[in-house]
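Residues per chain are reported as follows:
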Amino acid sequence: MAAPLIEARAWAPYPSRAEAGGGKNPLWTPLDFAFRPGDRVLLDGPSGCGKSTFLLALAGLLSVQRAWSETGELRRTDRRRGYLFQNPADRFCTVKAEDELAFGLENRGLPPAEIDRLVAEAAHRFGLETLLDRQVNRLSGGEQQRLALAALWAEDPEILFIDEAMSQLDAAGRCILLAAYDHWSYAHPEGLAVAVDHRADLWEGRFTRVLRWRDGSWVERNKLGDLGLKTTAPIRDGGRPSAPPAPHPKPNRASGTVVASCERLVLARPGGGSRWNHEPIDLKLRAGNIHVITGPNGAGKSMLLKTIAGLAAAHSGEVRHGPITLRKPPRTKKEWKALGARVSMALQNPELQFGAGLVKDHDADPPENLGLREHLGKSPFELSLGQQRRLSLSMLGADRPLLLLDEPFYGQDRGNTRILIDYIRERAANGTAVVLVCHDEDLSHALADELFHWDGMRLSRKERKPFYPWWEADR
Amino acid sequence: MKNLHPAALTIVSLLFIIAATVVHDPLVIGGWSLIASALLLGCRFAAPRAWLIATGSGILMGIGLGVNHGLFPAPGADPYRAWAHVLRPIVLIHWSLFLSSADPVLWAESLHRFWRLPLSWTYGAQASFRFLPLLAEDKALADNWRRLRSGRKGTIVSNLIPLLVSALRSGAQSALALEARGLSPARTWRRPMKWKAQDTFYVALCLGAGAAWAFAAFKLRSGIRLWDGAF
């Protein structure tokens, strides 16, 4: 049997500050494991259990963020590592796309001519030739993802760490990621991949081992069925779990009073405010309905929501909220108050909504309704991303006729996804018009009274299909 | 300008900035400002917008300082010296902006390759180029969100906290990314960065022009002090 690439003996990390306080509090019960060449490992567990911390510790990166110590021993070979973060942009270290591709190669100490060759090859393979001179900040979400994957591909890691890389991606983005992963896996049969993901089914049987969080530690499983997904096939043979799809009960058409509408709306790009090149948008948002907007990364879905909410200026056309007509954000306090009585919005980055004080000080709905009961005495900035997102939702006024939610399911495990589904349905049942931007196809089809697809050029009504209720899998 | 060594731009800009803060003659300072102006306008990728920004903001700050001198004159203040204070912001902003016309990536690289600063500082400087515009966008969005929620923009503290956290997180994430991608002092550099004869010529030309102007101004108005020993 080949020597392990990563091997742990009675190993568990703990924050050094705890040691200063007189006691060691390891993050989990000390573990023994060995990851060998060819292993493809998946870590699964609920939000906040420490999956990302586990991955950082495995990669030897935990001490970059805080002071950590560890009990036991973790041994890893010095093979080349590659780390893919949740947000592709988190991987960027430079300003321009071309420098980003070269950065990892320079760190490997390759000669400049070889770096030039590999940069050109990676750019060609991932279709980035025309973007090399662009600033990474100015790339769309999809382009950023391709750039991050191209840089990773060029660096040619032998050990790959993947931290919920699927969570922010649309269907096309997931295909690109899976293709890049398959290419890596084929090229490195003796390599090691360790991934964290809530959605094992999206990886379609690419993992051979599973570690699942249970009773305060990681337990090894080797079947999707052990993850609570309804299949008995070993995951190496599996694909998407074979649970019967749920038929959609309703036609794709909303009815009810119009609470807001967009008329010939054309979005403005951030920064200069230049025209977004798309067909004018006409949209009616009706009370008691859930309107879901899907679309590729970087198409402008968040900008559409911000424009409807009056947080960003439109290029042309207008948004109507009853008697209020908007093209740009209101100016006076009175105008903001009038608009705020009709609209509330949860931002994609929930931290922008928080201020000083603890979770319990962030008023509006009681946060415990959204599964935050244990965290009332913490600062909102200490919460995990999924918890922050739920807190940001609880801060939205319950009496506004229009509720805009930008990717509320991002970072949520199955249990918390169910809590959010109930919350959104309850708001709609109480007469609120809900507009939801969502990448998850199954959730979109399950929740929508009216489903739209926005590809950055045109907003079109989309036929709903039967969906796989993955969030019910471990009930 | 595009092909100049970033360190040459840094040397010239810093020397003029330091000199402008200690010299108290408006004629000298005005001349140095004109030199920076000419360079800015001649610089393909910065002019003329950069020139307008530098001149406009310098004039505004100068007016502010002038009003301040008029309202609250220092004991024994002389109006001639007050003019130097009024003109100084124009010089400082012109030269600072001229420095910013360097390619930010190359400039940051030069901090390590020429000035021997630690690599982590170099890439910290690069990260700030990337994150500052994003922070400005986040601030505008957070302000508007608070107005939408409560009609008010919120207190300075409530507005600053998320931005501060966001900036700290971005910094921590950058450090993590650098480590994850194997940043090491043993790295190679894809782009050559050599000090060439044209860099020496450029530094000599700018410093020579600055010194010549200061000398000419001294001769023109003999008796005017270039340096009075006070900062």
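Residues numbered from 1 in each chain as written. Chains lettered and ligands numbered in written order. Predicted model: local features only at pLDDT ≥ 70, side-chain atom pairs only at ≥ 80, totals over all residues.

### What about the overall build of chain A?
Under the convention used in this document: Strands are runs of DSSP state E lasting at least 2 residues, helices are runs of H or I lasting at least 4, and numbering of each runs from the N terminus. Once C-beta atoms are placed from the backbone, each residue is buried if 20 or more other C-beta atoms lie within 10 Å of its own, exposed if 12 or fewer, and partly exposed for counts between those two. Working definition of a contact: two residues with C-beta atoms, positioned from the backbone, lying within 7 Å.
When helices and strands are tallied, chain A shows 12 helices and 19 strands. In chain A, buried positions account for 46% of the 475 residues. Taking as baseline every contact in chain A between residues at least 6 positions apart, the subset at least 24 positions apart corresponds to 71%.

### Regarding the sheet that holds strand S12 (residues 290-294) of chain A
Residue and element names in this part refer to chain A. Short version of the rule: For two strands to be treated as a pair, DSSP must find at least two bridges joining them. Interaxial angles span 0 to 180 degrees and are taken between N-to-C directions of axes, which are lines fitted to C-alpha atoms, for helices over the stretch in contact.
With mixed pairing, the 6 strands of this open sheet are ordered in space as S15-S16-S17-S12-S18-S19. Looking at strand neighbours, the two that pair on one side only are strand S15 (343-346) and strand S19 (459-461), the edges of this open sheet. Across the sheet, the axes of successive neighbouring strands diverge by a mean angle of 20 degrees, strand direction being ignored. Of the strand pairs in this sheet, strand S18 (residues 450-454) and S19 are connected by 3 bridges, and their pairing is antiparallel. Paired with Trp 454 across the two strands is Leu 459, which belongs to S19.

### Brief notes about the confidence of the model for chain A
The predicted coordinates of low-pLDDT regions are not to be read in fine detail. So the rule is basically this: Values of pLDDT, ranging from 0 to 100, describe the predictor's confidence in every residue of the model.
The predicted model of chain A averages 82 in pLDDT, with 88% of residues at 70 or higher. This stretch, residues 224-242 of chain A, has a pLDDT under 50; its non-local contacts, to residues over four places away or in other chains, come to 46 contacts.

### Observations regarding the packing of helix H6 (residues 119-150) of chain B against helix H7 (residues 156-180) of chain B
All names here are of chain B. Applied cut-off: Angle categories are assigned with fixed cut-offs, so that under 35 degrees is roughly parallel, over 145 is roughly antiparallel, 65 to 115 is roughly perpendicular, and the rest are oblique. The crossing is said to be left-handed when, going from far helix to near helix, the turn is anticlockwise and less than a right angle, and right-handed when the turn is clockwise.
Between H6 and H7, whose axes approach to 10 Å, the crossing angle comes to 150 degrees. By the criterion of interaxial angle, the relationship of H6 to H7 is roughly antiparallel. The crossing of H6 and H7 is right-handed. Here H6 contributes Tyr 123, Ala 127, Phe 131, Leu 135, Asp 138, Lys 139, Ala 142 and Asp 143 to the contact with H7, which in turn contributes Asn 159, Pro 162, Leu 163, Ser 166, Ala 167, Ser 170, Gly 171, Ser 174 and Leu 178.

### Let's talk about the pairing of strand S13 (residues 314-321) of chain A
Residues and elements named next belong to chain A. Relative to S13, strand S10 (residues 258-267) runs antiparallel, the two being bridged by 5 bridges. If you follow Glu 263 over to S13, its bridge partner there is Glu 318. Pairing of S13 with strand S14 (residues 324-326), which is carried by 3 bridges, proceeds in the antiparallel orientation. Along S14, the bridge assignment pairs Val 319 with Leu 326. Hairpin connection from S13 to S14: 2 residues lie between these consecutive antiparallel strands, with Gly 322 at a positive phi of about 60 degrees.

### Digging into the interface of chain B and chain A
Note the threshold: Put simply, Ala, Val, Leu, Ile, Met, Phe, Trp, Tyr, Cys and Pro go in the nonpolar bin, Asp, Glu, Lys and Arg in the charged bin, and everything else, Gly too, in the polar bin.
Taken residue by residue, the interface counts 45 residues in chain B and 48 residues in chain A. At the level of secondary structure, the elements contributing two or more residues to the side of chain B that touches chain A comprise helix H5 (104-113), H6 and H7 of chain B. Sort the elements by how many residues they give to the side of chain B that touches chain A and H6 of chain B lands first, with 16 residues. Class assignment of the residues belonging to the side of chain B that touches chain A gives a composition of 23 nonpolar, 12 polar and 10 charged.

### So, the packing of H5 of chain B against H6 of chain B
Residues and elements named next belong to chain B. For the pair H5 and H6, interaxial distance at closest approach is 8 Å and the crossing angle is 160 degrees. By the angle between their axes, H5 is roughly antiparallel relative to H6. Crossing of H5 against H6: the hand is right-handed. Residues Pro 104, Val 105, Ala 108, Glu 109, Leu 111 and His 112 of H5 touch H6, and the partners they reach there are Leu 119, Trp 121, Thr 122, Ala 125, Gln 126 and Phe 129. Residues belonging to the contact of H5 with H6 are distributed by class as follows: 8 nonpolar, 3 polar and 1 charged.

### Details of the nonpolar core
All names here are of chain A. To be explicit about the condition: Connectivity within a nonpolar core runs through C-beta atoms within 7 Å, and the core itself is a set of buried Ala, Val, Leu, Ile, Met, Phe, Trp, Tyr and Cys residues.
Counting 68 residues, the largest nonpolar core has Leu 55, Leu 101, Ala 122, Ala 150, Ala 154, Phe 161 and Val 194 as its most contacted members. A total of 8 residues in this core trace back to one element, the largest contributor, which is helix H6 (residues 141-155). Ranked by size, the runner-up nonpolar core spans 61 residues in total, among them Trp 276, Leu 305, Cys 438 and Leu 451.

### What to know about helix H8 (residues 301-309) of chain A
Residues and elements named next belong to chain A. Burial of H8 is extensive: 8 of the 9 residues sit out of reach of the surface. Regarding H8, the residues found buried are Lys 301, Ser 302, Leu 304, Leu 305, Lys 306, Thr 307, Ile 308 and Ala 309. Residue Gly 310 follows H8 closely and has a positive phi angle near 85 degrees.

### With respect to the environment of Lys 153 of chain B
Residues and elements named next belong to chain B. With respect to the helices and strands, the residue Lys 153 is situated in the loop between H6 and H7. Assessed through the 15 C-beta atoms surrounding it within 10 Å, Lys 153 is described here as partly exposed. For the pair formed by Lys 153 and Ala 142, sequence separation is 11 residues and the distance between their alpha carbons is 8.7 Å. If we skip the residues at most four places from it in the chain, Lys 153 touches Asp 143, Arg 146 and Arg 147.

### Observations regarding the environment of Thr 294 of chain A
All names here are of chain A. Here Thr 294 shows up in strand S12. Residue classification places Thr 294 among the buried positions, given that 24 C-beta atoms sit within 10 Å. The spacing of Thr 294 and Asp 455 is 161 residues in sequence and 8.3 Å in space, taken between C-alpha atoms. Dropping the residues within four chain positions of it, Thr 294 is found in contact with Cys 438, His 439, Ser 444, His 453 and Lys 462.

### Points about unusual backbone geometry
Residue and element names in this part refer to chain A. Its identity is not glycine, yet Asp 156 carries a phi of approximately 55 degrees, on the positive side. Within the secondary structure, Asp 156 is located in the loop between H6 and strand S6 (159-163). For Glu 164, which is not glycine, the phi dihedral falls at a positive 45 degrees. By the secondary structure assignment, Glu 164 is in the loop between S6 and helix H7 (171-187). We classify Glu 164 as buried; it has 22 C-beta atoms within 10 Å.

### Re helix H11 (residues 414-429) of chain A
All names here are of chain A. Note the cut-off: In this scheme, a helix's expected span is set at 1.5 Å multiplied by one less than its residue total.
If you check H11, its first and last C-alpha atoms are 22 Å apart, about what 16 residues at 1.5 Å a residue would give, namely 22 Å. Taken as a whole, H11 has its buried residues at Arg 414, Asn 416, Thr 417, Leu 420, Tyr 423, Ile 424, Arg 427 and Ala 428. In this structure, the buried residues of H11 make contact with S12, helix H10 (385-394), strand S16 (402-406), strand S17 (433-437) and helix H12 (441-447). Residue Gly 431 follows H11 closely and has a positive phi angle near 100 degrees.

### Some details on the sheet that holds strand S2 (residues 31-35) of chain A
All names here are of chain A. Taken together, the 3 strands give an open sheet; going across it, the order is S2-S1-S4, and neighbouring strands pair in antiparallel fashion. At either end of the open sheet lies a strand with only one pairing partner, and these are S2 and strand S4 (68-76). Neighbouring strand axes in the sheet, compared pairwise and without regard to direction, differ in orientation by 30 degrees on average. Here 8 bridges tie strand S1 (residues 6-15) to S4, and the two strands are oriented antiparallel to one another. Along S4, the bridge assignment pairs Glu 7 with Arg 75.

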